[in-house]
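These are the residues of each chain, in order.
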Amino acid sequence: MAWGSSAGPASYNELVSYEVTLIPGDGIGPEVTLAAQRAVDATGVKIDWRRCELNEETILRKNEVLPPEILASLNRTKVGLKGPVTTPIAGGFPSVNVALRKALDLFANVRPVHTLKGVKTRYQDVAIDLIIFRENTEDLYAGLEHEVVPDVVESLKIITRKASLRIAEYAFRYARANGRRRVTAVHKANIMKLSDGLFVRCARETALQYPDIEYKELIVDNASMQLVMRPEKFDCLLMPNLYGDIVSDLTAGLVGGLGIVPGANVGEHHAVFEAVHGSAPDIAGQGIANPTAVMLSAVMMLRHLGEREAADRMHDAITQVYQDGKHLPGDVGGTASTAEFTNAVIRLIQA
């Protein structure tokens, strides 16, 4: 079942129980995933949490980016909630996120970006409500690169018709099912006429099947400028892997940063929901991390499971805590600890 679909029960069914793989990660990961776990449990939805350790220490000790037990658990549960896992820069082991996407064919990276009242941003009088649909399995992230001669490196950008049609179909189908008005394909086909050109042609082909959804195209540099100037004008953004990675972080900055933006990696048979921020080892264990991003990712997870009423209650509780402004974490201008913020959310969920 695709995230955001209207399938599933309209409200919590006490007879239903779900298995979910819980990957706390490292750094602040265990703290923020525990907060999300507590908030989900407070909704009354029965979750059998299957905890799996995956962090820098276990990866180095086992010499495996994805130990077999991680994939075994996700193949059993089909759903995961994941905290951040440290990825070394310019060396070390490969990205856990990229490895998971490849292993489970999680082709759609979905990042909703919404204004949270109570968070101070440069756009105080603008309501931002957009969703990025990023192709998740190819492009430069295929990792096909080599040194041609000393000090000359070549990276291959892979774009296929299959993957481009698949992410386009996902974005348009989501837009129709959820009352969104417009899908904008973001590209650089004026320069990369074959690769990005193929992506755009697939988006156009898919758009013809959805005449009720407005379709537009923007070159990625122009799209970046327009997002900064008029972010409220955007709805659904469809793009290849690299542009999606960059632009999704840009849009997070419009609403207050990565600490409050959720994310999902969705495939035909699996879905992994995760905070998109890093592991922040400098503040780990201090009890001051902001769990909002992973909490909102858990809201997406509940909707994926069909528990829309519980998801709405949890989302509304988070939103209300921000509007009240009494229990905000430090990264958004407050003084509340992780536990104080979480307890405030739980009180509203159970009210």
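Engineer: Sorry if this is basic, but what is going on with the side chain of Thr342 here?
Structural biologist: In this structure, Thr342 sits in helix α11 (residues 338-350). Look at Thr342 and you get buried, because its relative accessible area is 1%.

Engineer: Looking at this structure, I do not really get the sheet that holds strand β2 (residues 46-51). What am I missing?
Structural biologist: The strands making up a sheet are joined through hydrogen bonds of the backbone, oriented either antiparallel or parallel. Reading across the sheet, the ten strands line up as β2-β1-β3-β12-β11-β4-β5-β10-β8-β9 and stay open at both edges, with mixed pairing between neighbours. Bordering the open sheet on either side are β2 and β9 (214-219), each of which pairs with just one other strand. The mean inter-strand angle of the sheet, taken between neighbouring strand axes irrespective of direction, is 25°. As paired elements, strand β4 (residues 108-114) and strand β5 (residues 129-135) share seven bridges and run antiparallel to each other. Of the residues in β5, the one forming a bridge with Pro112 is Ile131. Set on the sheet, helix α3 (residues 68-77) makes contact with β1 (17-23), β2, β3 (79-82) and β12 (271-275); between it and β1 the angle comes to about 155°.

Engineer: Is there a simple way to think about empty space enclosed by the protein in this case?
Structural biologist: Over the atoms, a rolling probe the size of a water molecule traces out where space has been left empty. Tallied over the entire structure, the rule returns three cavities of 30 Å³ or more. Residue lining of the largest cavity: Val98, Arg101, Lys102, Asn136, Thr137, Tyr141 and Asn241, and that is the complete set. When residues in the lining of the largest cavity are grouped by element, the largest group, three residues, is from helix α4 (residues 96-104). When grouped by side-chain class, the residues that make up the lining of the largest cavity number two nonpolar, three polar and two charged.

Cut-offs used in this document
Residues numbered from 1 in each chain as written. Predicted model: local features only at pLDDT ≥ 70, side-chain atom pairs only at ≥ 80, totals over all residues. Heavy atoms only, no water. Helix = DSSP H or I, 4+ residues; strand = E, 2+ residues; numbered from the N terminus. Buried < 20%, exposed > 50% of the residue type's maximum accessible area, 1.4 Å probe, protein only. Pairing = 2+ DSSP bridges. Axes fitted to C-alpha atoms, helices over the stretch in contact; angles between N-to-C directions. Contact = heavy atoms within 4.5 Å. 1 Å grid on protein atoms, 1.4 Å probe; cavity = no way out; pocket = protein on both sides within 12 Å on 5 of 7 lines; lining within 4 Å. Points joined across faces, edges and corners; volume = space filled by probe spheres on them. Nonpolar A, V, L, I, M, F, W, Y, C, P; charged D, E, K, R; others polar.

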